[in-house]
Protein chains: 2
Amino acid sequence: MKKIMNNPSNIVDEMLQGMIVSHPDLIQRIPETGIIQRKEEKNGKVAIISGGGSGHEPAHAGFVGKGMLSAAICGEVFTSPTPDQILEAIKVSDEGAGVFLVIKNYSGDIMNFEMAQELAEMEGIEVASVVVDDDIAVEDSLYTQGKRGVAGTILVHKILGYAAQQGKSITEIKELSKNLIPNIKSIGLALTGVTTPGSNQPSFVLAEDEIEYGVGIHGEPGYRREKLQTSQNLANELLTKLVNEFGAKEKGRFAVIVNGLGGTPLMEQYVFTNDVQQLLSNRELSVDFYKVGNFMTSLEMQGLSLTLLYLENDFYIEALKAPVTTISW
Amino acid sequence: MKKIMNNPSNIVDEMLQGMIVSHPDLIQRIPETGIIQRKEEKNGKVAIISGGGSGHEPAHAGFVGKGMLSAAICGEVFTSPTPDQILEAIKVSDEGAGVFLVIKNYSGDIMNFEMAQELAEMEGIEVASVVVDDDIAVEDSLYTQGKRGVAGTILVHKILGYAAQQGKSITEIKELSKNLIPNIKSIGLALTGVTTPGSNQPSFVLAEDEIEYGVGIHGEPGYRREKLQTSQNLANELLTKLVNEFGAKEKGRFAVIVNGLGGTPLMEQYVFTNDVQQLLSNRELSVDFYKVGNFMTSLEMQGLSLTLLYLENDFYIEALKAPVTTISW
């Protein structure tokens, strides 16, 4: 896999520098860390922060900005940031009203974010958190106990970011997050594996006519391989699984993300979206909000994921539609 | 090349339907055409419209909206829209102040847009146009006499869109465009060829350790193949060519686009941006505006292009920084 890079061991550092030079009005980097912080003036509100391994861009740093994340902590490729970096991010983000952590469900992230939370609390900062586990594809995985956290995470950033901006307390945000998480479900598929920088081996290899359903965003295996299908069939497979998972809720209104995994062009994402919309319409399900593009990627992987958010609460859609000043929302 | 699609001959139609269902607040489709029109209320200003073959998403439909394009005409993949569709777009976009066409320099586009312009003028609509030929890589090409039009086109959309929104006349916009075009220069490189939907053959094949400089956005050949280089070397090759082309202007201020060609992840684009910034800084050239991402793509091609806009006129930067309501700017 050819990559545009220099020394693979500097790739995250150089990427973050590239982000900073591109968007000096919006974000800044805490020197010698993987922390990207928004430049907005502090105003005493709860800070929502997130992060994880790099390689999923624009997640998470692309969602730092007014109305979304106060900071993102960017680890090495597919590697959790360390507790000291997360602690540092908590400290620089705190505006006095506490810091709320959005954590994707990977064992390394859970361990490191929880350790940082404890350390911050010992320093007198109020911290709360939520774990996102929206990927319904498989139970337990290479790096996860339970279900993985994937593209639905950006909906958590957006909705909690809006709540914070509205001045909600950390207790209210915790409560909101507890209600929100069960309403978000995702599932993906891959046309290709993914190769980490510096490695010569992809995580897995798919034949020229083969796809895999249910893959993770770090090359974790999915639940079935088969011949490439039409977009309609792919959409039907993913959507049926999601709708079944929602069960009795399936008559409501939804927000939908069609998320490219990095190497799949927008043309294919929109074709797939059209199929999703037709299938939802056949089921008499309505969508109040669509988002299509590359949001939570897996380096250069070809493929996409589908996320449904059940709009149980009107606040969700109000939050999703509110303007933000980030690089990538 | 695996693609997420149904029947390749319907791919543009299905893509456009996917765009419409995703962004019903922003855009609408003129039924049974490839015309995507903004929903903004008409207000008697000049309409800027553009278009070309599909396969370059988000260009051009992603730039339809308040402050940018009034409409985009989307042809079949890598194929100019027909004169009747362009004429229809001119008619539905005209607010009484005339319609300005932004045309990329490909023989088919030139012929069809000019024919539509003549037909519209016969119907009493004032029409003016500009041809974008920012790609300095090669003179004459598979589908072009002179230089090709590539990612710099989106700067033309943005700056002329702002001018129109400010209420400038079609004569003023024509004058602005004549001054703007020579200040925009681009050049690209590819890590892979590109395969049109329904074809089994990529436009060209690069070995697993090979790249090509100067390729076009339809698989047109570039000017040199060589072994994959570091990002620094790639940036140096492209930037040196661009700066030399600017000649005496090279001591000024610039806007820069690092444009992913469809299959190259943001991580690599930002690493490359960091290298571009260092090289510009070494030359004591300053950048007032960066834009990094996939804007003018070539289906799933891996690679990127670099665009420099010489900020000869303060209006350019004012225009670039003005907010718009489009899907993809």
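Residues numbered from 1 in each chain as written. Chains lettered and ligands numbered in written order. Predicted model: local features only at pLDDT ≥ 70, side-chain atom pairs only at ≥ 80, totals over all residues. Heavy atoms only, no water.

A. The arrangement of the sheet that holds strand 1 (residues 27–29) of chain B in detail. Residue and element names in this part refer to chain B. Pairing in this open sheet of six strands is mixed, and the strands run 1-2-4-3-5-6 from one edge to the other. Bordering the open sheet on either side are strand 1 and strand 6 (127–132), each of which pairs with just one other strand. Taking each pair of neighbouring strands and ignoring which way they run, the sheet shows an average axis angle of 25 degrees. The strands that helix 2 (residues 83–93) touches are strand 2 (35–38), strand 3 (47–54), strand 4 (71–77), strand 5 (99–104) and strand 6; relative to strand 2, the one it contacts most, it runs at about 15 degrees. Of the strands in this sheet, strand 3, strand 5 and strand 6 are in contact with helix 4 (residues 153–165), which crosses strand 5 at around 170 degrees. (Pairing = 2+ DSSP bridges. Helix = DSSP H or I, 4+ residues; strand = E, 2+ residues; numbered from the N terminus. Axes fitted to C-alpha atoms, helices over the stretch in contact; angles between N-to-C directions. Contact = heavy atoms within 4.5 Å.)

B. The packing of aromatic side chains, seen in detail. Under the definition given, this model contains twelve aromatic pairs over all chains. Centre to centre, the rings of A:Phe246 and A:Phe254 are 5.3 Å apart; their planes meet at 70 degrees, and the pair counts as edge-to-face. This pair shows no difference in class: A:Phe246 is buried, exactly as A:Phe254 is. Between B:Phe289 and B:Trp329, the aromatic rings sit 6.2 Å apart at their centres with planes inclined by 10 degrees, giving stacked as the arrangement. Of the two residues, B:Phe289 is situated in strand 11 (residues 286–293) and B:Trp329 in the segment after helix 8 (314–321); the sequence distance between them amounts to 40 residues. B:Phe289 gets classed as buried once you look at its relative accessible area, which sits at 12%. Among the aromatic side chains, those forming a connected cluster through ring pairs are A:Phe246, A:Phe254 and A:Tyr310. Seen from the ring of A:Phe315, A:Lys168 lies directly overhead, with NZ or CZ sitting 5.0 Å from the centre. Sitting over the ring of A:Phe246, A:Lys185 keeps its end group 5.4 Å from the ring centre. (Phe/Tyr/Trp six-rings, centres within 6.5 Å; stacked < 30°, edge-to-face > 60°. Buried < 20%, exposed > 50% of the residue type's maximum accessible area, 1.4 Å probe, protein only. Lys NZ or Arg CZ within 6 Å of the ring centre and 35° of its normal.)

C. Structural detail: the sheet that holds strand 10 (residues 253–260) of chain A. All names here are of chain A. Read across the sheet, six strands follow the order 9-8-7-12-10-11 without closing on themselves; strand pairing throughout is mixed. Strands at the two margins of the open sheet, each flanked by one partner only, are strand 9 (224–227) and strand 11 (286–293). Put simply, the sheet's adjacent strands are angled 20 degrees from each other on average, direction ignored. Sheet topology places strand 7 (residues 184–190) next to strand 8 (residues 210–213); two bridges connect them, and they run antiparallel. Residue leucine 189 lies in a different strand from strand 8, and its bridge partner there is tyrosine 213.

D. The arrangement of the confidence of the model for chain A in detail. This prediction gives chain A a mean pLDDT of 96; 99% of its residues lie at or above 70. Prediction confidence for the complex, expressed as pTM and ipTM, is 0.97 and 0.97 respectively. (pLDDT = per-residue confidence, 0-100.)

E. Looking closely at the layout of surface pockets. The space that makes up the second largest pocket amounts to roughly 820 Å³. Taken together, 32 residues line the second largest pocket, and the ones lying closest to its centre are A:Met1, A:Thr192, A:Gln302, B:Met1 and B:Thr192. Classifying every residue of the lining of the second largest pocket by side-chain character gives 15 nonpolar, eleven polar and six charged. (1 Å grid on protein atoms, 1.4 Å probe; cavity = no way out; pocket = protein on both sides within 12 Å on 5 of 7 lines; lining within 4 Å. Points joined across faces, edges and corners; volume = space filled by probe spheres on them. Nonpolar A, V, L, I, M, F, W, Y, C, P; charged D, E, K, R; others polar.)

F. Structural view of the domain arrangement of chain A. All names here are of chain A. Along its sequence, chain A is organised into domain 1 (10–182) and domain 2 (183–321). One C-alpha centre belongs to domain 1, the other to domain 2, and the line joining them spans 22 Å. Contacts between the two partners involve 41 residues from domain 1, matched on the other side by 39 residues from domain 2. In total, domain 1 and domain 2 occlude about 3300 Å² of area from one another, counting both sides; carbon and sulfur atoms represent 70% of this. For the domain 1 face of the interface with domain 2, the top three residues by lost area are Phe78, Ile136 and Leu155, together amounting to 19%. Between the two partners, domain 1 and domain 2, sit one salt bridge. Lysine 147 is paired through a salt bridge with glutamate 245; the nearest N and O atoms lie 3.4 Å apart. The interface formed by domain 1 and domain 2 contains 18 residue pairs in polar contact (both at pLDDT 80 or more). When contributions to the side of domain 1 that touches domain 2 are tallied by element, the ones reaching two or more residues are helix 4 (153–165) and helix 5 (170–180). For the side of domain 1 that touches domain 2, the element with the most residues is helix 4, which contributes eight residues. Residue composition of the side of domain 1 that touches domain 2, by class: 24 nonpolar, nine polar and eight charged. (Domains from an automatic or database assignment. Buried area = accessible area lost by both parts, 1.4 Å probe. Salt bridge = Lys/Arg side-chain N within 4 Å of Asp/Glu carboxyl O. Polar contact = N/O pair within 3.5 Å; in protein donor to acceptor, adjacent residues only side chain to side chain.)

G. Just the pattern of salt bridges, in detail. Residue and element names in this part refer to chain A. For the structure shown, the criterion picks out 32 salt bridges over all chains. Residues glutamate 300 and lysine 3 are paired through a salt bridge, measuring 2.7 Å at the closest nitrogen-oxygen approach. Remark: lysine 3 occurs in the segment before helix 1 (11–22) and glutamate 300 occurs in the loop between strand 11 and strand 12 (303–310); sequence separation between them is 297 residues. Per residue, the accessibility class of glutamate 300 equals that of lysine 3, and both read buried. Residues participating in the shared-partner salt-bridge network are Arg224, Glu226, Glu237 and Lys241.

H. Just a negative patch on the surface, in detail. On the surface, A:Glu114, A:Glu118, A:Glu121 and A:Glu126 cluster together into a negatively charged patch. If you trace the backbone, A:Glu121 turns up in helix 3 (residues 107–122). (Patch = residues over 30% accessible without salt bridge, like charges linked within 9 Å, V, L, I, M, F, W, Y side chains within 5 Å. Areas by Shrake-Rupley, 256 points an atom, 1.4 Å probe, with all protein chains shown as cover. Lys, Arg positive; Asp, Glu negative; His and termini not counted. Charge placed at Lys NZ, Arg CZ, Asp CG, Glu CD.)

I. How the structure looks around the relation of the copies chain A and chain B. When chain A is fitted to chain B, the residual RMSD is 0.0 Å, and the transformation amounts to a turn of 180 degrees plus an axial shift of 0.0 Å. Within this description, the copies of the chain are treated as partners about a two-fold rotation axis. Relative to the rotation axis, the closest C-alpha in chain A is found at A:Gly263, a distance of 2.0 Å. (Least-squares fit on C-alpha atoms with pLDDT ≥ 70 in both.)

J. Expanded view of the interface of chain A and chain B. The interface is formed by 56 residues belonging to chain A together with 56 residues belonging to chain B. Of the roughly 4500 Å² buried where chain A meets chain B, counting both sides, 64% is carbon and sulfur surface. When residues of chain A are sorted by the area they lose upon contact with chain B, A:Lys2, A:Ile4 and A:Met267 head the list and together hold 22% of the total. For the pair chain A and chain B, the interface holds zero salt bridges. Every element with two or more residues in the side of chain A that touches chain B is listed here: helix 1, helix 6 (231–246), helix 7 (266–282) and strand 11 of chain A. Among the elements that line the side of chain A that touches chain B, the one with the most residues is helix 7 of chain A, at ten residues.

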